[in-house]
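Given next are the chains, with one letter for each unit.
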Amino acid sequence: MPKRISLVVPFYNESEGVDAFYQAIHPVLDALPGYSFEIVCIDDGSRDDTLERLIAYKDIDPRLIVLELSRNFGKESAMTAGLHMAMGDAAIVLDADLQDPPELIARMLALWESSGADMVLAKRADRSSDGWLKRMSALGFYKLHNRLAKVPLPENVGDCRLMARPVLEALKTLPERTRFMKGLFAWVGFKTVTLEYTRPVRAGGTSKFSGWKLWNLALDGISSFSTVPLRMWTYLGALGALSTACYALFVVVRTLVHGVDVPGYASLLVAILFFGSVQLISVGVLGEYIGRIHEESKQRPVYLLRAVHRQDAGDAPTSEA
Ligand code: UDP
Ligand code: MG
């Protein structure tokens, strides 16, 4: 029996890219006859004709399974949906814009077989295809995250990776709604090997991740995997109290020795404003975590499926999540 491999590919408004993706992927799969492939394409609530184009390819290629989400849930949820649906002995996550080149599939499979590992990471050899700001912010994020979180994220590794069945089953046991997938992938552990690749620029269309979306993803990452931002206020507060006590002693002694000295308006105002701001920041950090507790406590599903389009079973409507 050939091993079954599931490709998991999230699509969001990738109308321009569907043809390019299929044309690039199918010769690569045809050249790997030792495996049987399924291509799980997730339409993440696209507002263009991405879904129609995917369904058209599904009609000519039985390897395609198209998951239609009920709206745009974001890449993390779309990947979760795809990984839940993947039936293979291993799954490979790829971006739809060909930034994870299909040639990686053969390299990942070869390394998986030869190393006996459960996870094969695709690491960017360099980030020259990203702008300066994105490179710097990514560098800063990985450094900060890895200082704060117990389980470090491998640097310059995106979502593109191969995961064997035990890893897929482990991921299914993680119930959280805030799905920072890079963190969850790292958290489950397992034997991991890495290969390097050069990430090309987007094949067509534009990036779906604005600076604001990336900032929020970074906050999700840090708050899901570290409580240091919560705890640091205890230490900061203790440090502030200690220095205030020293200063108070100094002021009292000075007053006793030199008598009452009224000036001090500037220092008072600075102290009040400074500590007021510090308190607001700490309340904001608390709010971040409380917001997440609120999200989790609602227990809403991570995604909703409107339909699953596949050749053999027809287009089965489903509301399963
Ligand atoms: N994507 C998605 N849902 C979203 C945003 C993005 O499924 O809400 C998909 C997108 O179609 C692509 C992948 O996630 O296949 C990566 O997105 P993009 O290329 O825009 O990110 P970048 O490479 O710029 O980080
Ligand atoms: Mg991209």
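Further up the page is the structure itself.
The structure reproduced in this document is the subject of the present report. From a predicted model like this one, the values you see are computed outputs, not experimental measurements.

## What about helix 5 (residues 132–148)?
Taking 1.5 Å per residue as the helical rise, helix 5 with its 17 residues ought to reach 24 Å, and the 24 Å between its terminal C-alpha atoms agrees with that figure. Taken together, the buried positions of helix 5 are Ala138, Phe141, Tyr142 and His145. Along the long axis of helix 5, the arc covered by the buried residues comes to 95°, so they all point the same way. The exposed residues of helix 5 that point more than 90 degrees off its buried face are Trp132, Leu133 and Arg147. Residues of helix 5 that are buried in the fold lie against strand 6 (157–164), helix 7 (181–188) and helix 8 (211–225).

## A look at the site of ligand 1
Near ligand 1, the surroundings consist of 19 residues, among which Glu14, Asp44, Asp97, Ser207 and Lys208 are the closest. Taking Asp97, its side chain carries an N or O atom lying 2.6 Å from an oxygen atom of ligand 1. Taken by itself ligand 1 offers 530 Å² of open surface, and the protein chains cover 94% of this.

## Some thoughts on the packing of helix 8 against helix 10 (residues 265–297)
Running from N to C, helix 8 and helix 10 point in directions that differ by 85°, and their axes come no closer than 11 Å. Of the possible angle classes, the one that applies to helix 8 and helix 10 is roughly perpendicular. Listed contacts from helix 10 to Leu219, Asp220, Ile222 and Ser223 of helix 8 are Glu288, Tyr289 and Arg292. Its residues placed into classes, the contact of helix 8 with helix 10 shows three nonpolar, one polar and three charged.

The rules behind these values
- Residues numbered from 1 in each chain as written.
- Chains lettered and ligands numbered in written order.
- Predicted model: local features only at pLDDT ≥ 70, side-chain atom pairs only at ≥ 80, totals over all residues.
- Heavy atoms only, no water.
- Helix = DSSP H or I, 4+ residues; strand = E, 2+ residues; numbered from the N terminus.
- Expected span 1.5 Å × (residues − 1).
- Buried < 20%, exposed > 50% of the residue type's maximum accessible area, 1.4 Å probe, protein only.
- Arc of directions from axis to C-beta.
- Contact = heavy atoms within 4.5 Å.
- Near = heavy atom within 4 Å.
- Polar contact = N/O pair within 3.5 Å; in protein donor to acceptor, adjacent residues only side chain to side chain.
- Areas by Shrake-Rupley, 256 points an atom, 1.4 Å probe, with all protein chains shown as cover.
- Axes fitted to C-alpha atoms, helices over the stretch in contact; angles between N-to-C directions.
- Parallel < 35°, antiparallel > 145°, perpendicular 65-115°, else oblique.
- Nonpolar A, V, L, I, M, F, W, Y, C, P; charged D, E, K, R; others polar.

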